[in-house]
Every structure is written in C-alpha cells, then in structure tokens.
Amino acid sequence: MAQEVSLDLGERSYRIAIGGGLLANASTYDGLPPGSAALIVSNTTVAPLYAASLRAALAGRYAQIHEVRLPDGEEHKNWQTLQLIFDVLLEQGCDRKTVLFALGGGVVGDMTGFAAASYMRGIPFVQVPTTLLAQVDSSVGGKTGINHPLGKNMVGAFYQPQRVVCDLDVLSTLPAREFSAGLAEVIKYGPIADMDFLDWLERHVGDLMAHDGTALAHAVRSSCEIKAAVVGQDEKESGLRAILNFGHTFGHAIEAGMGYGVWLHGEGVAAGMVMAAELSRRLGMVDEAFVQRLTTLIRRAGLPTKGPILDTQDNAGRYLELMRIDKKSEAGEIRFVLIDGPGKAVVRGAPDALVREVIDACCE
Ligand code: NAD
Ligand code: GLY
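About the cut-offs
- Residues numbered from 1 in each chain as written.
- Chains lettered and ligands numbered in written order.
- Predicted model: local features only at pLDDT ≥ 70, side-chain atom pairs only at ≥ 80, totals over all residues.
- Heavy atoms only, no water.
- Near = heavy atom within 4 Å.
- Polar contact = N/O pair within 3.5 Å; in protein donor to acceptor, adjacent residues only side chain to side chain.
- Nonpolar A, V, L, I, M, F, W, Y, C, P; charged D, E, K, R; others polar.
- Helix = DSSP H or I, 4+ residues; strand = E, 2+ residues; numbered from the N terminus.
- Expected span 1.5 Å × (residues − 1).
- Bend = angle between axes of the 7 residues up to and from the residue.
- Buried < 20%, exposed > 50% of the residue type's maximum accessible area, 1.4 Å probe, protein only.
- Contact = heavy atoms within 4.5 Å.
- Disulfide = S-S within 2.5 Å.
- Pairing = 2+ DSSP bridges.
- Axes fitted to C-alpha atoms, helices over the stretch in contact; angles between N-to-C directions.
- Salt bridge = Lys/Arg side-chain N within 4 Å of Asp/Glu carboxyl O.
- Parallel < 35°, antiparallel > 145°, perpendicular 65-115°, else oblique.
- Left-handed = near helix turned anticlockwise from the far one by under 90°.

Considering the site of ligand 1
Part 1: Asp72, Glu74, Thr130, Thr131 and Thr173 are the nearest of the 28 residues found near ligand 1.
Part 2: Lys77 places a side-chain nitrogen or oxygen 2.8 Å from an oxygen atom of ligand 1.
Part 3: Taken together, the residues that form the shell around ligand 1 break down as 8 nonpolar, 10 polar and 10 charged.

As structure tokens, then:
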C-alpha cells in the first residue's frame, strides 16, 4: 500500500509516493501532464536493472518513449554529460510537452531536473529515485544542477518535479556503501528538526541496515515529511531551507578536495555533521553528550565519523579555502549550519581559528 507525502507549493505542489512495487505499476503515473513523448534519463548501472520496467509502465501513456543512459558517477555530473540529454531531446524532435523521467540516484536526478528546467525554457519531469539518498532528499524540493571543478552543485536551478516515485523495492540492489551514504541524509533530519526521529533512528538503525521494509518506509516517509515542511516554507532557500545543509559545508569540501566520487556525498555529509556538531559544541550551543550521541549513530550506520586529510602541509587551510566557495558564504565569510540545542539548527559564521581547531580535531 503506497503512502503519500505532499509538498505544498501552490501551483507547483506535488505528491511524493512511497511504497513497494510502484515503479512498474502503470497507475503510479496517473494524472501526470499529457504529452506524446517521454524520455527516460538513467545511467549505465541503473538502466539495465529498471528501465525496461519503467518503459513498460509508461507504454500506454506515451506514443514514444526514448531513453538515454548517462555515464555513472559523481565525476560525470557536468556539462558534457548534461549535453547528452539535450542531444537526444533534439535528435528525437522532442517538443515542450515531452516528460523527462529521472531514473537513478541523486546524480541522475539533479542533472535530469536541470535539463528539464532549461530545455525549451522548461518541460515537465518526474523523479523516480533509486538510491536511499535520492528518496529521502535529492528527489524532493527541486534543487537541480551540476558540479564545476571549483565547486559542488555550483550551476543549477530551482525547478520542481511533477511527482516523486519512491519505490522501496529498488533499494534491494543498492550496494551497502551507497545505502549507508543515504542514511547520512536520513540522520541529518533529527538534529536539525526532530529529536523524536533521532530517538527512533537510534532504536531502528539496525533494522534499517537489515533493509526491514517497515523501518525503511517509516524512515523515507519521515524524511520526506520533514523536508517537504521545510521546502514548503522556503522553496528557494532565502533562509530556513539552508538548515537542510547540516554537515554539507564540511562535506562538500571533502568531496571536492578528494576529487568527486572518491568520498560519496553521504560520507562527506556524515563526517561533516560530526565536524559541525563539534563546532557547535565549541561555540557553547550543544554539550559533549550530544556530539557523542550523533557520532555513535553515524558510526552504527556504517559511515565515517572523521574527515580525511586533504593537505598534509595545511589541512585546515585547505578545508577553509574549499569551504569559502560554498553557496551559503557571504562576502567571503563561511556560514555553517550549526545545532543550537538538540533539534534546532541555525546558520551562522564562526572564527577561522575555532574552525581550524575543529578540523584538526576531526580529521585523520
Ligand atoms: P548516485 O546518483 O551517484 O548513485 C549512487 C550509485 O548507486 C551510482 O553508482 C548509481 O548508479 C547506483 N545506483 C543507483 N540506484 C541503484 C540501485 N537501485 N541499485 C544499484 N545501484 C544503484 O548518488 P546518490 O547518493 O544517489 O546522490 C548523490 C548526489 O545527489 C550528489 O551529486 C549530491 O550533490 C546530490 N544531492 C542533491 C540534493 C538535492 O536536493 N538536489 C540533495 C542531496 C544530494
Ligand atoms: N539537500 C538540501 C536541500 O534540498 O535544500
């Protein structure tokens, strides 16, 4: 039985469907905008597993169903790969009623969304997320884009999908490391917004690691509810939405500093959350017990709790240099998502010297 979460954004509102067997069920796609053509955008790993099922489910709805398989990996989230989507759209004569289906993890979802935002100045798209990370975070809320060698997700657009289809069954083929990476984005919702959810995660992280269906459904639904509530209040991140980037300022520095794809996004976020919690502690906002609690949960989810050394000469300096490129930076000042008491996040700056101490203490 599918569950639904709504993201309320006026005329851009949409539903997030969560459950088993959704991807291959034709009725999942009832009510989408009409069009004569669809383009399934996937990658070389996910398409062989699920594109045929999606194509069959869409067959009665679209006269033509095209497909493009992108190279797999964060290192391919760039202009060259994006161009492959536009190549197919133009080669196949796709008009502005063509519906894009993003079938994959966050990389495919972010790029497909950006292609949808810009092809003929905007065409409809549907998110069919196939990683835990994409189901609990990246497919919801309309952030789309690509990386630049100098900074992560630096080029993109806010552009909402028509629907999000979270089929929990597809998570069975996800490698364990990727599953853990998704748990990082699940865990983040506790400290920033909902300590009851953090309590629940502490009780059920073992069930989640064992792919228990009931626990998974609860984790995905709760994550989507929290994210939908935040995005519903601040779609374009003029304020509140930035709290969803807890751990990401340090995490993006790790991803860019190591080279995209070496550390997974969720792994960077995991170590980054420990660093951000430790910075919060050193600023007197949370106590040691809170940092330990979060660190233990992150470790139990199979995730790193220490950041990597990015530069053996001046590691903290390298982190600071990379973090200044963050989208939250203002006039060169790095702004962090910090925990101001359990369950409450704030965005603020911190003295470089203190940030250096945290990096020195939290990297190995
Ligand atoms: P990903 O898209 O690279 O997918 C991870 C790996 O799993 C890939 O190799 C993929 O091919 C494979 N895979 C996907 N589904 C599978 C399945 N069901 N079975 C087997 N293999 C499968 O990574 P991700 O963690 O999903 O997403 C990370 C990206 O999401 C980053 O680029 C990050 O910046 C972005 N992101 C965006 C937002 C947003 O709000 N738009 C939020 C968080 C993260
Ligand atoms: N993943 C952060 C956001 O969507 O705002």
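The rest of the description comes next.
Points about helix 6 (residues 195-209)
Part 1: Spanning 15 residues, helix 6 covers 20 Å between terminal C-alpha atoms, matching the ideal 21 Å at 1.5 Å per step.
Part 2: Along helix 6, the sharpest change in direction is near 55° and occurs at Arg203.
Part 3: Where helix 6 is concerned, the buried positions are Met195, Phe197, Leu198, Trp200, Leu201, Val205 and Leu208.
Part 4: Against helix 5 (176-193), helix 7 (213-233) and helix 10 (288-300) lie the buried residues of helix 6.
Part 5: Backbone nitrogen of Asp196 and a side-chain oxygen of the N-cap are separated by 3.1 Å at the start of helix 6; the cap is Asp194.
Part 6: Positive backbone phi, at 60°, marks His211, one or two positions downstream of helix 6.

Re the state of the cysteines
Part 1: Summed over all chains, the structure comprises 0 disulfides.
Part 2: A disulfide-free cysteine, Cys224 has its sulfur positioned 4.8 Å from the sulfur of Cys166, the nearest such atom.
Part 3: By relative accessible area, Cys224 is classed as buried at 0%.

Quick notes on the sheet that holds strand 1 (residues 3-7)
Part 1: If you trace the 7 strands from one edge of the open sheet to the other, you get 1-2-9-6-5-3-4, paired in mixed fashion. Bordering the open sheet on either side are strand 1 and strand 4 (64-70), each of which pairs with just one other strand. Taking each pair of neighbouring strands and ignoring which way they run, the sheet shows an average axis angle of 15°.
Part 2: Pairing of strand 2 (residues 14-19) with strand 9 (residues 163-167), which is carried by 5 bridges, proceeds in the parallel orientation. Along strand 9, the bridge assignment pairs Arg15 with Arg163.

Description of the pattern of salt bridges
Part 1: Taken as a whole and assessed by the stated rule, the structure comprises 25 salt bridges.
Part 2: The salt bridge partner of Lys188 is Asp137, with a shortest N-O separation of 2.7 Å. Taken as a pair, Lys188 in helix 5 and Asp137 in helix 4 (residues 132-138) lie far apart in primary sequence, 51 residues in all.
Part 3: Accessibility expressed as a relative area gives 1% for Lys188, which makes it buried.
Part 4: Using a relative accessible area of 8% as the deciding quantity, one classes Asp137 as buried.

Topic: the pairing of strand 2
Part 1: Of all 6 residues that make up strand 2, 5 are buried, and the element is covered over most of its length.
Part 2: Pairing between strand 1 and strand 2: 5 bridges, direction antiparallel. Residue pairing in the sheet places Ser6 in a bridge with Arg15 of strand 2.
Part 3: The hairpin turn running from strand 1 into strand 2, its antiparallel successor, is 6 residues long, and Gly10 in that turn takes a positive phi close to 60°.

Focus on the packing of helix 5 against helix 7
Part 1: Two elements in contact, helix 5 and helix 7, have axes whose closest approach is 10 Å; the angle formed by their N-to-C orientations is 50°. Of the possible angle classes, the one that applies to helix 5 and helix 7 is oblique. For the pair helix 5 and helix 7, the crossing hand works out as left-handed. Contacts between helix 5 and helix 7 pair Phe179, Val186, Tyr189 and Ala193 from the former with Leu216, Ala219, Ser223, Ile226 and Lys227 from the latter.
Part 2: Of the residues assigned to the contact of helix 5 with helix 7, the class counts are 7 nonpolar, 1 polar and 1 charged.

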